[in-house]
Amino acid sequence: MSWPIAEVARMSGVTARTLRHYDEIGLLPPAGIGPNGHRYYEEHQLLRLQQILVLRALGVGLPEIGRIMAEEIDEVVALRGHRRRLLAERDRLEALAATVSRTIADLEQSRKDGTPMTAVNRPENLFEGIQPSRYQESLRDFPEHAEEVSRRVAVMTPQDIEAGQRERTTQMILLADLMADGRPADAEPVQDRIDTQYRALTELRPVSAEEYRALGRSCVDNEAWRAAYEAIAPGLAAYQRDAIEAYVTTRLS
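Per chain, the residues get numbers from 1 upward, laid out in the order the sequence is written. In keeping with the predicted nature of the model, local features appear solely for residues at pLDDT of at least 70, side-chain atom pairs appear and are counted solely at 80 or more, and the whole-chain, interface and lining totals rest on all residues. Side-chain measures here rest on the full set of heavy atoms in the structure, leaving out hydrogens and waters.

Undergrad: Give me the nonpolar core: which residues, what numbers.
TA: For our purposes a nonpolar core is just a set of buried Ala, Val, Leu, Ile, Met, Phe, Trp, Tyr and Cys residues, chained together by side-chain atoms within 4.5 Å. Burial here depends on accessible area, computed with a 1.4 Å probe over protein chains only, as a share of the maximum for the residue type. Under 20% is buried, over 50% is exposed, and the range in between is partly exposed. One finds Tyr212 and Leu236 to be the most contacted residues of the largest nonpolar core, which totals 28 residues. Secondary structure elements follow DSSP: runs of H or I no shorter than four residues count as helices, runs of E no shorter than two count as strands, and numbering proceeds from the N terminus. Broken down by secondary-structure element, the contributors of at least two residues to this core are α10 (158-180), α11 (188-202), α12 (209-221), α13 (223-232) and α14 (236-252). Here the element with the most residues in this core is α14; it accounts for 7 residues. Discounting residues that sit within four places of it in the chain, tyrosine 212 has contacts with Ile194, Gln197, Tyr198, Leu201, Val207, Ile244, Tyr247, Val248 and Leu252. Any two residues having at least one pair of non-hydrogen atoms within 4.5 Å are treated as being in contact.

Undergrad: Talk me through the side chain of asparagine 222; I want residue IDs and the actual numbers.
TA: Looking at where asparagine 222 falls in the secondary structure, it is placed in the loop between α12 and α13. At 3.1 Å, the side chain of asparagine 222 forms a polar contact with the backbone nitrogen of tryptophan 225. In protein, a polar contact means a hydrogen-donor-capable atom and an acceptor-capable atom, both N or O and within 3.5 Å, with residues adjacent in sequence counting only if both atoms are side-chain atoms; elsewhere, any N or O pair within 3.5 Å suffices.

Undergrad: Break down the sheet that holds strand β1 (residues 3-4) for me, citing the residues and quoting the values.
TA: Any two strands are treated as partners once DSSP identifies two or more bridges connecting them. Spatial strand order, β1-β3-β2: 3 strands in an open sheet with antiparallel pairing. Taken across any chain shown, the strands that pair with only one partner, and hence form the sheet edges, are β1 and β2 (32-33).

Undergrad: So what's going on with α13? Which residues, and what values?
TA: Owing to its 3.6 residues per turn, the α-helix aligns residues three or four sequence positions apart on the same side. Among all positions in α13, only Trp225, Tyr229 and Ile232 are buried. Looking straight down α13, one finds its buried side chains confined to an arc of 55 degrees; they lie on one side. The residue sitting at the N-terminus of α13 and contributing the capping side-chain oxygen is asparagine 222; that oxygen lies 3.1 Å from the backbone nitrogen of tryptophan 225. The arc in question is traced by the directions running from the helix axis to the C-beta atoms.

Undergrad: Which residues make up the packing of α11 against α14, and what are the values?
TA: In a pair of packed helices, the angle between the axes and the distance between the axes together describe the arrangement. Axis geometry follows a simple rule: fit a line to the C-alpha atoms, using only the stretch in contact for helices, then measure angles between N-to-C directions, giving values from 0 to 180 degrees. For the pair α11 and α14, the least separation of the axes is 9 Å and the interaxial angle reads 85 degrees. Considering their axes alone, α11 and α14 lie roughly perpendicular with respect to each other. For the pair formed by α11 and α14, the contact residues are Glu188, Val190, Gln191, Asp192, Ile194, Asp195, Gln197 and Tyr198 on the first element and Tyr239, Gln240, Ala243, Ile244, Ala246, Tyr247, Thr250, Arg251 and Leu252 on the second. Residue polarity follows a fixed list, in which Ala, Val, Leu, Ile, Met, Phe, Trp, Tyr, Cys and Pro are nonpolar, Asp, Glu, Lys and Arg are charged, and the others, Gly among them, are polar. For the contact of α11 with α14, a count of residues per class yields 9 nonpolar, 4 polar and 4 charged. Every angle not falling under 35 degrees, over 145, or within 65 to 115 is termed oblique; those three ranges are roughly parallel, roughly antiparallel and roughly perpendicular.

Undergrad: Would you mind going over the side chain of glutamine 45 in detail, with residue names and values included?
TA: Among the structural elements, glutamine 45 can be located in helix α3 (residues 43-57). Not counting residues within four places of it along the chain, the set of residues in contact with glutamine 45 comprises Leu28, Pro29, Pro30 and Ala31.

Undergrad: Give me the lowdown on the packing of helix α1 (residues 5-12) against helix α2 (residues 16-24), citing residues and values where you can.
TA: Contact geometry of α1 with α2 gives a least axis separation of 9 Å together with a crossing angle of 110 degrees. In terms of orientation, α1 lies roughly perpendicular with respect to α2. Our pair here, α1 against α2, has a crossing hand that is right-handed. Residues Ile5, Val8 and Ala9 of α1 touch α2, and the partners they reach there are Ala16, Leu19 and Arg20. Across the contact of α1 with α2, the residue classes tally to 5 nonpolar, no polar and 1 charged. What makes a crossing left-handed is the near helix being turned counterclockwise from the far one by less than a right angle; a clockwise turn instead makes it right-handed.

Undergrad: Kindly report on the packing of aromatic side chains, identifying the contributing residues and their values.
TA: Paired rings are identified among Phe, Tyr and Trp, the last through its six-membered ring, by centres lying within 6.5 Å, and are further divided according to the angle between planes into stacked (under 30 degrees), edge-to-face (over 60) and tilted (the rest). Taken as a whole and judged by the stated rule, the model has 3 aromatic pairs. A ring pair is formed by tyrosine 198 and tyrosine 212, whose centres lie 4.8 Å apart and whose planes are at 50 degrees; its orientation type is tilted. Of the two residues, tyrosine 198 is situated in helix α11 and tyrosine 212 in helix α12; the sequence distance between them amounts to 14 residues. Residue tyrosine 198 shares its accessibility class with tyrosine 212, and that shared class is buried. Look at tyrosine 212 and tyrosine 247: their rings are 5.9 Å apart centre to centre, the planes differ by 85 degrees, and that puts the pair in the edge-to-face class. A residue pair is termed long-range when its members are at least 10 positions apart, and tyrosine 212 in helix α12 and tyrosine 247 in helix α14 qualify at 35 residues. You can call tyrosine 247 buried: its relative accessible area is 3%. Taken together, the ring pairs connect Tyr198, Tyr212 and Tyr247 into an aromatic cluster.

Given below as structure tokens:
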């Protein structure tokens, strides 16, 4: 039995344009092309598409997916490997969800009674379920910065890495507090907080105004970054982006 590209798109939720792209890059050739020029898919292609979508859901890029699938001939073996990855990701997300829940509870209690956040005093509670390597992976669009981060991390102790994580998350929480207070993204206290972040970046390497603007946009455009900001407070990713945009415009231009 075969299915036309429109039906496969409907079943899978993947657009026909994406399916054509997968064909063009050799990742998912159709079983055949009909007299009308339409692509048709059979069971083998549907199973392959399932594997592609599972790996995409795990954050694997298309070139890496191509390499993985080229190495795995038996579909059952491949699916068992994908299942292991999914279960590991599920466990990581459950731990991260618990971390976020504690942070939210601490933020709400802190705002209610004016006491300091207890999570910041227990940094291990902030970072459970967060893998430092994911931060580096998310810098793929900024190769020079990623290279410098990798170089620094290679010589850091676990304690140093934890301290860096603690500082990044603390900065996010402090910014979330300003957002909760209703401060505009271009308000002076917000801009001072962004200045602190920018200076921390430039301690690694020089960062131009345009690169910093691009980093700010990635707070929303980069899925991993956006999830990290939204875990602290809904809307924080866009708030950070807008604050960086204002900072670049007023202080770096």
